[in-house]
Amino acid sequence: QILYYTLFRFGLLDPAHKDAYQVILAGVKGGPKEKRLAAQFIPKFFNSFPELADAAINAQLDLCEDEDVSIRRQAIKELPRFATGENIFRVADILTQLLQTDDTAEFNQVNVALISIFKMDAKGTLGGLFSQILQGEDIVRERAIKFLSTKLKTLPEDIMTKEVEEYVFAETKKVLEDVTGEEFVLLMRVASGLRVLQTVNGRQQLVELVVEQADLDQALNPADPDAVDRLLQCTRQALPLFSKNVHSTRFVTYFCEHVLPNLSTLTSPVAELDIQLEVLKLMAEMSPYCGDMEKLEANLTILFTKLLEYMPLPPEEVENGENSASEEPKLQFSYVECLLFSFHQLGKKLPDFLLDKVDGERLKDFKIRLQYFARGLQVYIRQLRVALQGKTGDALKTEENKIKVVALKITNNINILIKDLFHNPPSFKSTVTLSWKPVQKTEAVAAKRLSSEEMGSGAATKKQITPLPRRDARQIYNPPSGKYSSSIGNFNYEQRGGFRGGRGRGFGARGNRSRGRIY
């Protein structure tokens, strides 16, 4: 201990003290007191003896693996002092491996140390992190990816320079060749948060990454929950990237050609998930950003056909003009909102579709379905308004009333879109906000200006609808139970877990890696 004190007091500028430093290195084999002193003095005098650098680092690593957690923490705390010159990569690699600890305080110490060396050399530190992500054990890889996804966004621009961010993106693309679903989501979070990619070209690059992971060149197997899961996850990652300049065309085309025709046979990856509604929501959210589509007419026809499935014909009448004893069809508002919105968005690109591409009988059938749906809609809108009338504040926050508020948004949206389609020729000018999306300020202001007729008055609708044989409104439609999804408005599928199975190209199986210390 006297030797340690002497070295600390006078420094190690004289090469004659080399033997004394070697005594310090040997201290890692001593008792707890010697180890604690060694953990402090080895890094303190490290730069004075470059010829002993490897021995010093290895000695400190022995302390990082000591059975005494307090010694480990002290040794880890001092590791950044070894991060000079070409040692930065090695220190980062070591700290990344130490992320596998289950001790909370020790784990936090490793995080602090990593951030510390980031400030010294960001690119060198990233080299160590990505080395372990690509080659390390599963637990190390998992925690290193989580570290990047949570910490990079907190670093200032003078550390995360353009060169550093470009390096992150290049390495992330390598990792994405072999990922699980959860890893994919986290890595996309890393990439999409890079400032260098906050341009049209950058976002387009991110979309291309997602397209590659989604396997959009392959047909969808609706019976494979893993394939369905991957498509949902990838689509949700791509959604925030779409804009008027970054188009969703490839995804929308894939949904029209491969997903909608198999909608009823899709196998849900999560038991409680309404997979059909989930898919239709994604389709609706993407549709406003669809660019020029090669097979627009064919895909509109697929979408139109699927819409018809969810818009029933009126019940048959018996001779005295009353409804038959058959049960009233259920109007599935949540599904229709999504399909009608998607059709409305794509229809803008081929406004003559209903008049020129749909034969007369089918168009007549469609208008009958629209009219029946619209009349039932008016009844339900009135009932919802009566139920919500006068309710404010906490009264609207009950679970029942929250569902009714969302249901009113759904029905109002459908009502507006149906009115557009009943114009002659059909119009595609109205703008609505999907019921589960936040209302934009400009739209909120416009909504305040709408009259009661524009918000769903039965009289306004009847003026635009070709009359059918008269019948009492109560005979036409009695709002059934289960008319909309009880989970409407909840769209948090992304957080329900990653892809099933292991890794590999397209989320296949990754090979086994070596175990144990590989510092």
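Residues numbered from 1 in each chain as written. Predicted model: local features only at pLDDT ≥ 70, side-chain atom pairs only at ≥ 80, totals over all residues. Heavy atoms only, no water.

J.: Just give me the short version of helix H3 (residues 32–44), but keep the residues and values in it.
T.: Taking 1.5 Å of rise per residue, 13 residues should cover 18 Å, and H3 covers 19 Å from first to last C-alpha, within 8% of that figure. Bending of H3 peaks at approximately 25° at the position of Ala 38. Turning to H3, its buried residues are Lys 35, Ala 38, Ala 39, Phe 41, Ile 42 and Pro 43. (Helix = DSSP H or I, 4+ residues; strand = E, 2+ residues; numbered from the N terminus. Expected span 1.5 Å × (residues − 1). Bend = angle between axes of the 7 residues up to and from the residue. Buried < 20%, exposed > 50% of the residue type's maximum accessible area, 1.4 Å probe, protein only.)

J.: I'd like a rundown of the packing of helix H9 (residues 138–151) against helix H11 (residues 181–192), residues and numbers included.
T.: At a minimum axis distance of 8 Å, the contact between H9 and H11 shows a crossing angle of 30°. If you check the angle between H9 and H11, you find them roughly parallel. Our pair here, H9 against H11, has a crossing hand that is left-handed. Listed contacts from H11 to Arg 141, Ile 145, Lys 146, Leu 148 and Ser 149 of H9 are Glu 182, Glu 183, Leu 186, Leu 187 and Val 190. (Axes fitted to C-alpha atoms, helices over the stretch in contact; angles between N-to-C directions. Parallel < 35°, antiparallel > 145°, perpendicular 65-115°, else oblique. Left-handed = near helix turned anticlockwise from the far one by under 90°. Contact = heavy atoms within 4.5 Å.)

J.: Any details on the nonpolar core? Residues and values, ideally.
T.: If you look at soluble globular proteins, the nonpolar side chains tend to sit buried side by side. With 151 residues, the main nonpolar core has Tyr 21, Ile 42, Leu 95, Leu 126, Phe 366 and Ile 418 as its most contacted residues. When residues in this core are grouped by element, the largest group, 11 residues, is from helix H19 (residues 360–388). Apart from the residues lying within four places of it in its own chain, the contact partners of Phe 366 are Phe 304, Leu 307, Leu 308, Met 311, Leu 354 and Leu 421. (Core = buried A, V, L, I, M, F, W, Y, C linked by side-chain atoms within 4.5 Å.)

J.: Summarise the environment of Ile 133; cite the residues concerned and give the values.
T.: Here Ile 133 is to be found in helix H8 (residues 122–135). Ile 133 sits in the buried class, given a relative accessible area of 0%. Along the sequence, Ile 133 and Asp 93 sit 40 residues apart, while their C-alpha atoms lie 9.9 Å from each other.

J.: Quick rundown of the side chain of Gln 132? Include the residues and the values.
T.: Summarising the element assignment, Gln 132 is placed in helix H8. At 3.2 Å, the side chain of Gln 132 and the side chain of Asp 93 are in polar contact. (Polar contact = N/O pair within 3.5 Å; in protein donor to acceptor, adjacent residues only side chain to side chain.)

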